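# Structural description and commentary
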Amino acid sequence: MTRPTRSRLAAVAACLALWAGPTAAQTVLVKPYVQPGDGAALGKADAKVLCWLTDQTPGEFVVEYEVPGGRPVTLKPERVALDFAKGPEPKKSGADKPEKPADPDDPPEKTGALPPEREQHYFKYVARLGDLPLNAQVRYRVKLGDTVVREASFRTRATPEKTVRFALVGDLANGKDHQKAIAYRLAEEKPEFLVALGDIVYPTGRVSQYMSFFWKTYNDVDAADPKAGAPLMASVPFYPVLGNHDVAAKFPTVPDALGAYYFFHAPRNGPGVGPWVTPLGSDKAAAAAFRAAVGDSYPSLDAYSFDYGPAHVVVLNSNQSGNVDQPKLRQWVEQDLKGSAARWKLVCHHNPAFSSSPQHYTEQSVRLWHPIFEAGGVDLVFAGHVHNYQRTVPLTFAPASPKRDKRGRADGTFALDREFDGAKTTVPRGIVHVVAGGGGATLYGPGLDKTAPLLRKEHGDNYADYTAKMVADRHSFVVLDASPDALTLRAIDAAGKVFDQVTLTKPQK
């Protein structure tokens, strides 16, 4: 028997490596998930984006998808390398004590502790699906070689005569168990899309915190379970709203800061770069590298809008867009709202304008937008930031001054519609404001019976009895069912119980 030579063994090994490489060596770190893409106004077609993350071992992926009655389509994704240097170690500053980093052997998603500082290196894959028919169920498969990495489906946007269901919730992922129960209940409701009302990842919105606290609850879950979460993002596009914690890590001092821009893809119909967008610092080379890595997500996440069924949704970054006197941003909001013929108009930003919690009460910059929202026909405004649930009566508000006082408050005149009850009287006179900040972060109490007298005493006429419902003792989210005839809001807790429900209607045009 002839023994194989060393060169022949090496050749065989090389062939085996080439044969196994694309399927055996690649590690998928974040499974494929669906994003809205550049779908703003409802035209003849929709667009979606599929994204996923791997280690930096090259792999040959393909995406296969099909719509009812159409031919299967195969495309190859784009790939971009994401490289982050080790971040600065947390330091104590006076009374500000940072969380203790996790032990490398103790997974942070089990403890809620911060992940340890380390270099991070990923490949991000992006597949852009265009010319999708409206009102359609699209089935997709992402494959690495012959291995199916994920197979799921999503719905394209609905036309205005359709009824749609969607969810809104903020203050989501801090690595604790509450967020998993909320994700599970969200999946039970089967929304077509979700608006994440800011503070998507705690404590500072870094890429490392997404990897530890976010994906393993909302995406990388085999099956929905109240103790694990749900694979929501395989089928449900998340529309992001930027909160203060999402931009708390300062770029470029923290290399993986501003994680939301790497992971979310929103419509690109906003006003562009200006003082209303998240600042990138003075290092022009670092800013250019960041923008090259995130693509159109910066600055599109800071201000955008979209149509979905009978609803039109405007998203603003209230970390910056409190500057209502910025002409370009103000004009964009005015034209966007007045240019929409949607039956229902919603605005979403992180900071609430009208809250009955003492936490963050004086952060009232968004109150100055109210006359513009009223003139634009807005029906509801949604916010997070305050970690509980609140709903106001329909109201109008006329600011007394274009500027806030030294404490950040915006005084003005209220008109409150106390006849509206959402059951027998369903046509509101004014805008309903909803705080839906119960997605998982530590709750803010106490309840309305204790906070209202306190706020009235401390802030006088700056506070009014505008809160119709407040629940501060449980985590929760909001589901909207929007049809051309009515819009029904339900607030649902982590046990699946509906604890608030109202319906809005309008006179027929």
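Look above for the structure.
Anyway, here's the lowdown on the structure attached to this text. (Residues numbered from 1 in each chain as written. Predicted model: local features only at pLDDT ≥ 70, side-chain atom pairs only at ≥ 80, totals over all residues. Heavy atoms only, no water.)

Secondary structure assignment for the chain yields ten helices and 23 strands. Compactness check: the chain gives a C-alpha radius of gyration of 24 Å against a globular reference of 23 Å for 509 residues, within 12% of the reference. Oriented by its inertia axes, the alpha-carbon framework of the chain measures out at about 95 × 60 × 45 Å. For the chain, the residues scored as buried account for 56% of the 509 residues in total. Nonlocal contacts in the chain, meaning residues at least 24 apart in sequence, comprise 76% of its contacts between residues at least 6 apart. Summing over all exposed atoms, the chain offers an accessible surface of approximately 21,600 Å²; the carbon and sulfur share of this is 52%. In the chain, 61 positive and 56 negative side-chain charges are present, and the distance between their average locations comes to 1 Å. (Helix = DSSP H or I, 4+ residues; strand = E, 2+ residues; numbered from the N terminus. Rg over C-alpha atoms; globule rule 2.2 N^0.38 Å. Buried < 20%, exposed > 50% of the residue type's maximum accessible area, 1.4 Å probe, protein only. Contact = heavy atoms within 4.5 Å. Areas by Shrake-Rupley, 256 points an atom, 1.4 Å probe, with all protein chains shown as cover. Lys, Arg positive; Asp, Glu negative; His and termini not counted. Charge placed at Lys NZ, Arg CZ, Asp CG, Glu CD.)

Looking now at the pattern of salt bridges. Enumeration according to the criterion identifies 30 salt bridges in this entry. A salt bridge links D177 to K180; the shortest N-O distance between them is 3.6 Å. Of this pair, D177 and K180 both sit in helix α3 (residues 177-189), three residues apart, roughly one helical turn. Judged by relative accessible area, K180 falls into the buried class, the value being 13%. K403 is the salt-bridge partner of D325, the closest N and O atoms lying 3.5 Å from each other. Remark: K403 occurs in the loop between β17 (395-399) and β18 (412-416) and D325 occurs in the loop between β13 (311-316) and α8 (327-338); sequence separation between them is 78 residues. Counted as one network, the salt bridges with shared partners bring together E64, E66, R139, R141, K143 and E151. (Salt bridge = Lys/Arg side-chain N within 4 Å of Asp/Glu carboxyl O.)

Glancing now at the packing of α3 against helix α4 (residues 207-218). Between α3 and α4, whose axes approach to 9 Å, the crossing angle comes to 30 degrees. Classed by the angle they form, the pair α3 and α4 counts as roughly parallel. As α3 packs across α4, the resulting crossing turns out to be right-handed. Within the contact between the two elements, α3 uses Q179, K180 and A183 and α4 uses F213, T217 and Y218. Here the residues of the contact of α3 with α4 are counted per class, giving three nonpolar, two polar and one charged. (Axes fitted to C-alpha atoms, helices over the stretch in contact; angles between N-to-C directions. Parallel < 35°, antiparallel > 145°, perpendicular 65-115°, else oblique. Left-handed = near helix turned anticlockwise from the far one by under 90°. Nonpolar A, V, L, I, M, F, W, Y, C, P; charged D, E, K, R; others polar.)

Within the sequence span of α3, burial applies to Q179, K180, A181, I182, A183, Y184, R185, L186 and E189. One or two steps after α3, the chain reaches K190, where phi turns positive at roughly 55 degrees.

A general trend in soluble globular proteins is that nonpolar side chains are found buried together. Membership of the largest hydrophobic core comes to 110 residues, with the highest contact counts inside it found for F214, F263, F264, F373 and F382. Of the residues forming this core, the biggest block, seven residues, is contributed by α4. Those residues within four positions of F382 in sequence are excluded, and the remaining contacts are L168, L197, L346, V347, C348, H349, V434, V478, L480 and L489. In terms of nonpolar packing, the next biggest core, distinct from the first, is built from 21 residues, W52, F61, A127 and L129 among them. (Core = buried A, V, L, I, M, F, W, Y, C linked by side-chain atoms within 4.5 Å.)

Glancing now at the side chain of Q26. Position of Q26 relative to the elements: it lies in the loop between α1 (6-24) and β1 (28-35). Overall, Q26 belongs to the buried group, its relative accessible area being 8%. There is a polar contact of 2.8 Å between the side chain of Q26 and the backbone nitrogen of G59. (Polar contact = N/O pair within 3.5 Å; in protein donor to acceptor, adjacent residues only side chain to side chain.)

Moving on, we come to the packing of aromatic side chains. Each aromatic ring pair is described using two quantities: the centre-to-centre distance and the angle formed by the ring planes. Counting across every chain of the model gives 37 aromatic pairs. Joined through ring pairs, the aromatic side chains of Y33, Y210, F214, W215, Y218, F238, F263 and F264 make up one cluster. Between the NZ or CZ atom of R79 and the centre of the ring of F123, over which it lies, the distance is 4.3 Å. (Phe/Tyr/Trp six-rings, centres within 6.5 Å; stacked < 30°, edge-to-face > 60°. Lys NZ or Arg CZ within 6 Å of the ring centre and 35° of its normal.)

Ordered by their spatial adjacency, four strands build an open sheet running β4-β3-β7-β8, and the pairing between neighbours is antiparallel. Of all strands in the sheet, those with a lone pairing partner are β4 (73-75) and β8 (147-155), marking the two edges. Taking the axes of each pair of neighbouring strands and ignoring which way they run, one obtains an average angle of 20 degrees across the sheet. Sheet topology places strand β3 (residues 61-66) next to strand β7 (residues 137-144); six bridges connect them, and they run antiparallel. Residue pairing in the sheet places V63 in a bridge with V142 of β7. (Pairing = 2+ DSSP bridges.)

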